[in-house]
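Structure at a glance
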Amino acid sequence: MNDIIAEVEIPETAAVAEATVFLRETNSPLIFHHSRRVFLFGSLHARQLGLQPDPELLYISAMFHDTGLSTPFSDTEQRFELDGADHARKFLLDRGFSKSAAEVVWTAIALHTTPGIPGRMGPETAATNYGVLTDVVGWGLDRLEGGEVDEIIAAHPRGEFKKEFLQAFVDGLRNRPDTTYGTVNSDVLEHFVPGFRRKTMVERVIEAPWPN
């Protein structure tokens, strides 16, 4: 029987099944349930807006979008969004997906915290971002049917999401604070980590090795 939540069908493919197992085994229940909600909310917004993302690629984007918080991709410090995007691209290429499909997912994950841009890009990138915004800050929640939202939360409970989600960001970023420059991630460290102070773009310009 197909897995359907709030009239959104979970794609029945090998990659989807493997991604689901991967996230369950390597991440916390918090991130697992959040990622599934991102797929479901993103799918609902896409339907309302007339977007037609590839369901399998949207699912992979949602499931990998926060993996960089707990599993850095390489020894090179980079934004956690890039770690997650790199994980997903390797996952897809290792399973025979085309480079173009892998790049669609990479872009959706890499830009999922970037304000303003994802909605102007492809449907997978837009829908991933919309799903994240809905689950994290309640964007567009008033445009969704109450019954659909209730069904999603029943399947994937929020629990103490606000507190635990912010703590996951602190834990994932406090040891690589420089990677948060110019992103919303620096807000988290500035709020929760004593002594952290973001370096501003103004300071970078003033301190640049130019005489004027």
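Use the structure listed above.
Quick summary incoming for the structure in this document. The structure displayed is predicted, hence computed values, not measured ones.

Parameters and conventions
- Residues numbered from 1 in each chain as written.
- Predicted model: local features only at pLDDT ≥ 70, side-chain atom pairs only at ≥ 80, totals over all residues.
- Heavy atoms only, no water.
- Helix = DSSP H or I, 4+ residues; strand = E, 2+ residues; numbered from the N terminus.
- Rg over C-alpha atoms; globule rule 2.2 N^0.38 Å.
- Contact = heavy atoms within 4.5 Å.
- Areas by Shrake-Rupley, 256 points an atom, 1.4 Å probe, with all protein chains shown as cover.
- Lys, Arg positive; Asp, Glu negative; His and termini not counted.
- Charge placed at Lys NZ, Arg CZ, Asp CG, Glu CD.
- Core = buried A, V, L, I, M, F, W, Y, C linked by side-chain atoms within 4.5 Å.
- Buried < 20%, exposed > 50% of the residue type's maximum accessible area, 1.4 Å probe, protein only.
- Salt bridge = Lys/Arg side-chain N within 4 Å of Asp/Glu carboxyl O.
- 1 Å grid on protein atoms, 1.4 Å probe; cavity = no way out; pocket = protein on both sides within 12 Å on 5 of 7 lines; lining within 4 Å.
- Points joined across faces, edges and corners; volume = space filled by probe spheres on them.
- Nonpolar A, V, L, I, M, F, W, Y, C, P; charged D, E, K, R; others polar.
- Expected span 1.5 Å × (residues − 1).
- Phe/Tyr/Trp six-rings, centres within 6.5 Å; stacked < 30°, edge-to-face > 60°.

Re the overall build of the protein
Looking only at helices and strands, the protein features 10 helices and 2 strands. From first element to last, N terminus to C terminus, the protein shows the α and β order β-β-α-α-α-α-α-α-α-α-α-α. For the protein, whose C-alpha radius of gyration is 18 Å, the value lies close to the compact-globule estimate of 17 Å for 212 residues. Counting only C-alpha atoms, the protein reaches 65 × 40 × 35 Å along its principal axes. Sequence separation of 24 or more characterises 63% of the internal contacts of the protein that already satisfy a separation of 6 or more. For the protein, the exposed surface amounts to about 11200 Å²; the carbon and sulfur share of it is 55%. Computing the positive centroid from 20 side-chain charges and the negative centroid from 31, the protein places the two 5 Å apart.

Comments concerning the nonpolar core
In terms of nonpolar packing, the biggest core is built from 36 residues, with Phe-39, Leu-40, Ile-60, Phe-64, Phe-91, Val-105 and Ile-152 touching the most fellow members. Only α1 (14-26), α2 (29-49), α3 (55-64), α4 (80-94), α5 (99-110), α6 (123-137) and α7 (146-155) provide two or more residues apiece to this core. Non-local contacts of Val-105, meaning those with residues more than four positions away in its chain, are made with Leu-57, Ile-60, Ser-61, Ala-88 and Leu-92. Core analysis: the second largest hydrophobic core is formed by 14 residues, Leu-30, Phe-80, Phe-169 and Val-188 among them.

Describing the pattern of salt bridges
Counting across every chain of the model gives 13 salt bridges. With a shortest N-O distance of 2.9 Å, Glu-203 and Arg-197 are connected by a salt bridge. For Arg-197, a relative accessible area of 56% corresponds to the exposed category. With a shortest N-O distance of 2.7 Å, Lys-199 and Glu-207 are connected by a salt bridge. For Lys-199, a relative accessible area of 39% gives the class partly exposed.

Some remarks on the layout of surface pockets
Here the largest pocket is characterised by a volume of approximately 490 Å³. Those elements giving two or more residues to the lining of the largest pocket turn out to be α6, α8 (161-173) and α9 (185-192). Taken together, the residues of the lining of the largest pocket sort by class into 11 nonpolar, 8 polar and 3 charged.

Let's talk about α2
With 21 residues, α2 extends 30 Å from end C-alpha to end C-alpha; this agrees with the ideal 30 Å at 1.5 Å per step. Summarising burial for α2: 16 of the 21 residues are buried, a large majority. Once α2 ends, the next one or two residues include Gly-50, with phi positive near 75°.

Looking at the environment of Thr-125
Mapping Thr-125 onto the fold places it in helix α6. Taking the C-alpha atoms as reference points, Thr-125 and His-45, separated by 80 residues in sequence, lie 12 Å from one another. Filtering out sequence-adjacent residues up to four positions away, Thr-125 remains in contact with Val-104, Thr-107, Ala-108, Leu-111 and Pro-118.

Points about the packing of aromatic side chains
This structure, assessed with the given rule, holds 7 aromatic pairs. Relative to Phe-91, the ring of Phe-64 lies with its centre 5.0 Å away and its plane at 50°, an arrangement referred to as tilted. Linking Phe-64 in helix α3 with Phe-91 in helix α4, this pair joins segments that are 27 residues apart in sequence. Taking relative accessible area as the criterion, Phe-91 reaches 7% and is therefore assigned buried. Here Tyr-130 and Trp-139 contribute two aromatic rings whose centre-to-centre distance is 4.8 Å and whose plane-to-plane angle is 15°, an arrangement assigned as stacked. The class for Trp-139 is partly exposed, based on a relative accessible area of 29%.

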